[in-house]
Amino acid sequence: MHEENSTTVTEFLILGFPALNDYKLPFFSIVILMYCMTVSENLLIILLVSTSQRLQSPMYFFLGHLALSDIIQLSNIVPKMLDVIIRKGSVISFAGCITQFYLYGVSVSAECFLLTAMSYDRYLAICKPLHYISMMSVKLRYSLVISSWVLGLMLIFITVLFVNDLDFCGPNVINHFFCDFAPLLELSCSDTMDVVIDMFVLSFPIVVVPFLFVIISYNFIFRTIFRIPSISGRQKTFSTCSSHLVVVSTYYGSMLIIYMVPYRGHLIPANQYISLAYIVLTPLLNPVIYSLRNKDIQSSIIYLIVCTFLVSRRCISFQRQ
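Residues numbered from 1 in each chain as written. Predicted model: local features only at pLDDT ≥ 70, side-chain atom pairs only at ≥ 80, totals over all residues. Heavy atoms only, no water.

A. Inspection of the packing of helix α2 (residues 58-87) against helix α5 (residues 138-164) at higher detail. Running from amino to carboxyl end, α2 crosses α5 at an angle of 15°, the nearest separation of the two axes being 10 Å. Regarding the angle of α2 to α5, the classification is roughly parallel. The two elements α2 and α5 meet at a crossing, and its hand is right-handed. Within the contact between the two elements, α2 uses Pro58, Phe61, Phe62, His65, Leu68, Ser69 and Ile72 and α5 uses Arg141, Tyr142, Leu144, Val145 and Trp149. Tallied by class, the residues present in the contact of α2 with α5 amount to 9 nonpolar, 2 polar and 1 charged. (Axes fitted to C-alpha atoms, helices over the stretch in contact; angles between N-to-C directions. Helix = DSSP H or I, 4+ residues; strand = E, 2+ residues; numbered from the N terminus. Parallel < 35°, antiparallel > 145°, perpendicular 65-115°, else oblique. Left-handed = near helix turned anticlockwise from the far one by under 90°. Contact = heavy atoms within 4.5 Å. Nonpolar A, V, L, I, M, F, W, Y, C, P; charged D, E, K, R; others polar.)

Put into structure tokens, the structure is as follows:
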């Protein structure tokens, strides 16, 4: 923790979206609707993966944890963002800001590792189908998931220690809608070179290595698919990994756009809205992408609806008796 003599800043003012202040009510309504829809969708995925016998394969096991990561990311940022929108700016404590930054970093890191594990799962399923069940064992899938969360927690904690050790002596205005890395560094009156180097080094195990692994995995996957003689066989095999490929492309594409653009005092408005889409829209679309052409998930949803309807009818009949 910071001592009082090392910094004069104990809280930050998050500006949010000044350009949309005149439209705060419709903007607030859209964001809270998307938040409720996204949390409901991802909770549904977790419920289905936990209870449905159809969804017991490793891919759905990873998908459940991906949904959990999206819920953590959203619930960490959106409630405070809604306060920022409705108040046209909102104050957050130093500890609250660091906590938000940490949880955001953990969810992003865990998602990178989980998407990598899912690409490995697709590689084994398509390129090593005869050995898939033995190689992607229960022990391995649990090891991959636990490693994803533990690595995320540990690696981001290193960065948080560096950021927490910085001095913040004013100004305290964050020109963003949450406590992100670059806006925080911009407000520090300390030498931030060590933190920048630390983040650069950590970006390799968190982002670069997983991204390269995904590219290499799909290189082998596409080679295997192109060797399939029939067109229908190719389409059927590709459909087993198309959803994951779309999610990976969207995730890394938006991340590269956001963090490849240098931050210099003022966040580029377009970049800010891309961050909003990355944090709010992507978790909303992920369950839809995975469910759109997936008969197992669709069947499980229908079965859950029918069971819920039958149980509710029995309860009503019992009450009438």
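B. Spotlight on the environment of Ser188. Mapped onto the elements, Ser188 comes out in the loop between α6 (181-187) and α7 (193-227). Spatially, the C-alpha atom of Ser188 lies 7.0 Å from that of Cys169, the residues being 19 residues apart in sequence. Other than its neighbours up to four places away in sequence, Ser188 contacts Leu166, Asp167 and Phe168. A polar side-chain atom of Ser188 sits 3.1 Å from the main-chain amide nitrogen of Ser190. (Polar contact = N/O pair within 3.5 Å; in protein donor to acceptor, adjacent residues only side chain to side chain.)

C. Structural detail: the state of the cysteines. Applying the stated criterion to the full structure yields 2 disulfides. The residue that forms a disulfide with Cys169 is Cys189, at a sulfur-sulfur distance of 2.0 Å. Within this pair, whereas Cys169 is found in the loop between α5 and β3 (173-174), its partner Cys189 is found in the loop between α6 and α7, the two being separated by 20 residues in sequence. No disulfide involves Cys127; its nearest neighbouring cysteine sulfur is the one of Cys241, lying 9.2 Å away. On the accessibility criterion, Cys127 (19% relative accessible area) is buried. (Disulfide = S-S within 2.5 Å. Buried < 20%, exposed > 50% of the residue type's maximum accessible area, 1.4 Å probe, protein only.)

D. Quick look at the packing of helix α3 (residues 94-127) against α5. Direction vectors running N to C along α3 and α5 enclose 150°, while the axes themselves pass 8 Å from each other. For the element pair α3 and α5, the recorded crossing hand is right-handed. For the contact of α3 with α5, the class distribution of residues is 21 nonpolar, 6 polar and no charged.

E. The pattern of salt bridges, seen in detail. Per the counting criterion, the structure on display carries 3 salt bridges. A salt bridge links Lys80 to Asp83; the shortest N-O distance between them is 3.6 Å. Of this pair, Lys80 and Asp83 both sit in helix α2, 3 residues apart, roughly one helical turn. A relative accessible area of 21% places Asp83 in the partly exposed class. In this structure, Arg87 and Asp83 form a salt bridge, with 2.6 Å as the shortest nitrogen-oxygen distance. Here the residue Arg87 and the residue Asp83 both occupy positions in helix α2, the gap between them amounting to 4 residues, near one helical turn. (Salt bridge = Lys/Arg side-chain N within 4 Å of Asp/Glu carboxyl O.)

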